[in-house]
Amino acid sequence: MEDLGLVAWPPEPIRTERLVLRASGPQDRAAFIELLASPEVNAYLGGPRPRDELERETPEVPERWPGSFVVDLDGAMIGQILLRRATGHRRPAAVDKADLGYLFLPRAWGSGYATEACAAALGWFDGVLPGEPVVLTTQSANVGSMRLAAKLGFTEVERFEAWGAEQWLGMRSPGTPSAGRDREVRGL
C-alpha cells in the first residue's frame, strides 16, 4: 500500500455531527496500541499483536502519513480511518485504486461512529481526488463490516479466498452517496 500521492497533508480537521477526523499526535499513542493489541478489533485481521511488542515499536507519533485519520470523540481517539493506494493488492480489480480501511475500539462499536467517520473521510477524498473509485476488502464473515460497506455505497466486485477465509471486495464509484453524506461535514 502507498499513500495517496500529491495530497496536502495533514488537512484541516474534518468535523462531523459528533466526531473530528484529524492527523495523529503523541496523545494517540496509547489508543493505537490498544487498537492493535485488541483481540476483538483484530478478530478478522489475523489476530492481535503482542502489547509488549507494540510498546517497543510504536513511534511517539504513530500513523502520521497521508490518508491516515484519527477518529476523535470528545478529545479522545476512538478509531482510525485509512485511505491508501492499493498498489500491491492481490486482486486486479483493486490495484492502484484508493483502499478504505478502518479500526474502532470496541467501546465505540454500535453507535454509528464508523459510518459517520468513513462517510466524512470519503467526502474529503472525493474533494481532493475527484473521480477516483475506492475499494474496500473485508472478510465476508465480518457482518458489521459488510453492513458498513453497504451503508457507504460499496457494491460487490468479487469474493475470494485469502488468509484462510472468504474475503469480500467492494467498490464505490466516484460520487456515490454514502450514509451520513447529508450531514454537515466541514473543516474546523
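Residues numbered from 1 in each chain as written. Predicted model: local features only at pLDDT ≥ 70, side-chain atom pairs only at ≥ 80, totals over all residues. Heavy atoms only, no water.

## Considering the overall build of the protein chain
1) Next: When its secondary structure is counted, the protein chain shows four helices and nine strands.
2) Next: For the protein chain, the sequential pattern of α-helices and β-strands runs β-β-α-α-β-β-β-α-β-α-β-β-β.
3) Next: Classification of the 188 residues of the protein chain by burial places 49% in the buried group.
4) Next: Intrachain contacts of the protein chain at a sequence separation of at least 6 include 65% that bridge at least 24 residues.
5) Next: Summing over all exposed atoms, the protein chain offers an accessible surface of approximately 9,100 Å²; the carbon and sulfur share of this is 51%. (Helix = DSSP H or I, 4+ residues; strand = E, 2+ residues; numbered from the N terminus. Buried < 20%, exposed > 50% of the residue type's maximum accessible area, 1.4 Å probe, protein only. Contact = heavy atoms within 4.5 Å. Areas by Shrake-Rupley, 256 points an atom, 1.4 Å probe, with all protein chains shown as cover.)

## Points about the nonpolar core
1) Next: Core analysis: the biggest nonpolar cluster contains 36 residues, and Ile81, Leu100, Trp124 and Phe154 have the highest contact counts within it.
2) Next: Elements with a minimum of two residues in this core: strand 3 (68–73), strand 4 (76–85), strand 5 (98–104), helix 3 (113–128), strand 6 (134–139) and helix 4 (143–151).
3) Next: Of all the elements, helix 3 adds the most residues to this core, at nine residues.
4) Next: When neighbours within four sequence positions are excluded, Ile81 is seen to be in contact with Leu21, Gly67, Ser68, Phe69, Val71, Leu100, Gly101, Tyr102, Phe104, Ala117, Cys118 and Ala121. (Core = buried A, V, L, I, M, F, W, Y, C linked by side-chain atoms within 4.5 Å.)

## What about helix 3?
1) Next: The end-to-end C-alpha distance of helix 3 is 23 Å, a good match for the 22 Å that 16 residues give at a rise of 1.5 Å each.
2) Next: Burial analysis of helix 3 places twelve of its 16 residues in the buried class, which makes it a mostly covered element.
3) Next: Considered for burial, the residues of helix 3 that qualify are Tyr113, Thr115, Glu116, Ala117, Cys118, Ala119, Ala120, Ala121, Leu122, Trp124, Phe125 and Asp126. (Expected span 1.5 Å × (residues − 1).)

## Quick look at the packing of aromatic side chains
Note on aromatic pairs: each is described by the distance of the centres and the angle between the planes.
1) Next: A full pass over the atoms with the stated rule returns one aromatic pair.
2) Next: Considering the side-chain rings of Phe69 and Trp124, the 5.1 Å spacing of their centres and the 85° angle between planes classify their relative orientation as edge-to-face. Residue Phe69 is found in strand 3, and its partner Trp124 is found in helix 3; the two are separated by 55 residues along the sequence.
3) Next: Judged by relative accessible area, Phe69 falls into the buried class, the value being 1%. (Phe/Tyr/Trp six-rings, centres within 6.5 Å; stacked < 30°, edge-to-face > 60°.)

## What about helix 4?
1) Next: Residues of helix 4 that are buried: Ser145, Met146, Leu148 and Ala149. Angular distribution of buried residues about the axis of helix 4 spans 160°; they occupy a single face of the element. For helix 4, exposure combined with an orientation more than 90 degrees from the buried face picks out Val143 and Ala150.
2) Next: Taken together, the buried residues of helix 4 touch strand 5, helix 3, strand 6, strand 7 (155–162) and strand 8 (165–172).
3) Next: Taken from the residues just after helix 4, Gly153 is the one with a positive phi, measuring 90°. (Arc of directions from axis to C-beta.)

## Details of the layout of surface pockets
1) Next: If you add up the space inside the largest pocket, you get close to 1,400 Å³.
2) Next: Contributing to the lining of the largest pocket are 46 residues, with Leu45, Tyr102, Leu103, Asn142 and Ser145 lying nearest its centre.
3) Next: Every element with two or more residues in the lining of the largest pocket is listed here: helix 1 (29–37), strand 4, strand 5, helix 3, strand 6 and helix 4.
4) Next: Broken down by element, the residue count for the lining of the largest pocket peaks at six residues, all from strand 5. (1 Å grid on protein atoms, 1.4 Å probe; cavity = no way out; pocket = protein on both sides within 12 Å on 5 of 7 lines; lining within 4 Å. Points joined across faces, edges and corners; volume = space filled by probe spheres on them.)

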